[in-house]
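Structure assessment
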Amino acid sequence: MSLETQSANNCIGPWLGQLELLTGVSQQAQRRFNAMIRTTKRRRGEWVFVPGDAADSVYLLQHGRMKITALSEDGHEVLHQIVGPGEIFGDTSVLLGIPRTTSAQALEASLVCEIYRKDFETLLSMYPELSFRLLKSVGLRLKKAEAKLVNVICKDISRRVREALIDLVSKEPHAGLNRPVRIKLTQQDLANLIGASRQKTWEALKELEDCGVLKLMYRSILVLAPQTLRKRTFMPD
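The structure reproduced in this document is the subject of the present report. (Residues numbered from 1 in each chain as written. Predicted model: local features only at pLDDT ≥ 70, side-chain atom pairs only at ≥ 80, totals over all residues. Heavy atoms only, no water.)

Some points on the pairing of strand S12 (residues 220-223)
Our working rule: Using a 1.4 Å probe on the protein chains alone, a residue whose accessible area is under 20% of its type maximum counts as buried, one over 50% counts as exposed, and one in between counts as partly exposed. The numbering of helices and of strands both runs from the N terminus, where a helix is a DSSP run of H or I of at least 4 residues and a strand a run of E of at least 2. By definition, two strands form a pair when at least two bridges between them are found by DSSP.
Residues Ser220 and Leu222 line one face of S12 and the alternating positions Ile221 and Val223 line the opposite face, and both faces are buried. Two strands pair when backbone bridges link them, and strand S10 (residues 181-183) and S12 are joined in this way by 3 bridges, in the antiparallel orientation. Within the sheet, the bridge partner assigned to Arg182 lies in S12 and is Leu222. Here 4 bridges tie strand S11 (residues 214-217) to S12, and the two strands are oriented antiparallel to one another. Counted as the bridge partner of Lys215 is Leu222 from S12.

Here you go:
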């Protein structure tokens, strides 16, 4: 797992306040956090951690995308989460004090902020507001996991594809504007994310492509009309 370390002070700057973990916390806590992190470049396809690794760091994504995965009993990849800029990952095993049970892999060139476990625990004990933000982050991820389970059970694949695309589009810069958005995700990754076969996922995507909503590209999906996708997603089936 090669990495290239950069100066945290040079790399973070005003972006520090955009971290979901630091939203609303004191300037003192932000400065202390900034002093404890290091930032690394990760190439597309590079692993940050894999199952069995020691959970000795917590990570926050500054730029790019990460996928959090695990393997099912039959060896198939299960995609738990797509991590976007500002989001935390790798914290669960740190909090539980157990080795990694999932993998984190860069979907594109990324900048990752890393803070060592002992430093992270020190910050949580010194600044209760950080503990509250972390608890909220864990709770939101739990709610998303519950919603994903309901989707797999209750919703057809076409709707699951549309909802997943809307969620991925919302994490992109300028997400509120009705302009084309390129999602750097393979069709197989999308299928793993929604719990469907690649063939069924492709069929749902092809239907949207035929309607002019998106264009299927190499290792990515170009959403041409985000607003149209939203309308098709939230209208009754």
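So that's the structure; there's more coming.
A short note on the environment of Val58
Let me state the cut-off plainly: The contact rule is simple, with two residues in contact once any of their heavy atoms fall within 4.5 Å.
Positionally, Val58 belongs in strand S4 (residues 57-63). In this structure Val58 comes out as buried when scored by relative accessible area, which is 0%. For Val58 and Ser93, which are 35 residues apart along the polypeptide, the C-alpha to C-alpha distance reads 9.1 Å. Aside from chain neighbours lying at most four places away, what touches Val58 is Ile88, Phe89, Gly90, Asp91, Val94, Cys113, Glu114, Ile115 and Phe120.

A few points about the packing of helix H6 (residues 157-170) against helix H8 (residues 198-210)
Just so we agree on the cut-off: All axes are obtained by fitting lines to C-alpha atoms, using only the stretch in contact for helices, and the reported angles, taken between N-to-C directions, cover 0 to 180 degrees. Any angle between 65 and 115 degrees counts as roughly perpendicular, while under 35 counts as roughly parallel, over 145 as roughly antiparallel, and the rest as oblique. Whether a crossing is left-handed or right-handed is set by the direction in which the near helix is turned from the far one by less than a right angle, anticlockwise for left-handed and clockwise for right-handed.
Close contact between H6 and H8 brings their axes to 9 Å; oriented N to C, the two are set at 70 degrees. Viewed along their axes, H6 and H8 adopt a mutual orientation that is roughly perpendicular. You can see that H6 and H8 cross each other, and the crossing is right-handed. Taken together, the residues of H8 that come into contact with H6 (itself represented by Ile157, Ser158, Val161, Arg162 and Leu165) are Lys200, Thr201, Ala204, Leu205, Glu207 and Leu208.

Focus on the side chain of Lys67
For clarity, the cut-off: The term polar contact refers here to a pair of N or O atoms within 3.5 Å; inside protein, the definition further demands a hydrogen-donor-capable atom paired with an acceptor-capable atom, and it admits residues adjacent in sequence only when both atoms are side-chain atoms.
In this fold, Lys67 is placed in strand S5 (residues 66-71). Here the side chain of Lys67 touches Glu77 through a polar contact of 3.4 Å, side chain to side chain.

What about the sheet that holds strand S6 (residues 77-83)?
In spatial order, the strands read S3-S8-S5-S6; together these 4 strands make up an open sheet with antiparallel pairing. In this open sheet, the two edge strands, each paired with only one partner strand, are strand S3 (47-49) and S6. For this sheet, the mean angle separating the axes of adjacent strands, direction not counted, is 30 degrees. Note that S5 and S6 share 6 bridges and pair antiparallel. Bridge pairing in S6 places Leu71 opposite Glu77. Across the sheet, helix H7 (residues 187-194) lies against S5 and S6, angled at about 95 degrees from S6, the strand it touches most.

Some words on the packing of helix H4 (residues 117-126) against helix H5 (residues 128-154)
Selection criterion: Charged means Asp, Glu, Lys or Arg here, nonpolar means Ala, Val, Leu, Ile, Met, Phe, Trp, Tyr, Cys or Pro, and polar covers whatever is left, Gly included.
Closest axis-to-axis distance for the H4/H5 pair is 5 Å, and the angle between their directions is 110 degrees. As judged from the angle between their axes, H4 and H5 are roughly perpendicular. Here Phe120, Leu123, Leu124 and Met126 of H4 lie close against H5, whose contacting residues are Pro128, Leu130, Ser131 and Leu134. Across the contact of H4 with H5, the residue classes break down as 7 nonpolar, 1 polar and no charged.

Let's talk about the packing of aromatic side chains
Spelled out, the test is: Aromatic contacts are taken between Phe, Tyr and Trp rings whose centres are within 6.5 Å, Trp giving its six-membered ring; a plane angle under 30 degrees counts as stacked, one over 60 as edge-to-face, and the others as tilted. Here, over-ring charges are defined by two tests on the NZ atom of lysine or the CZ atom of arginine: distance to the ring centre within 6 Å, and angle to the ring normal within 35 degrees.
Going through the model one piece at a time under the given rule, you end up with 3 aromatic pairs. Centre to centre, the rings of Tyr59 and Phe89 are 5.4 Å apart; their planes meet at 20 degrees, and the pair counts as stacked. Residue Tyr59 is located in strand S4, and its partner Phe89 is located in strand S7 (residues 88-89); the two are separated by 30 residues in the primary sequence. We classify Tyr59 as buried; its relative accessible area is 6%. The class of Phe89 is buried, set by a relative accessible area of 2%. Taken together, the ring pairs connect Phe49, Tyr59 and Phe89 into an aromatic cluster. One Lys or Arg, Arg100, reaches over the ring of Phe49 and ends 4.2 Å from the middle of that ring.

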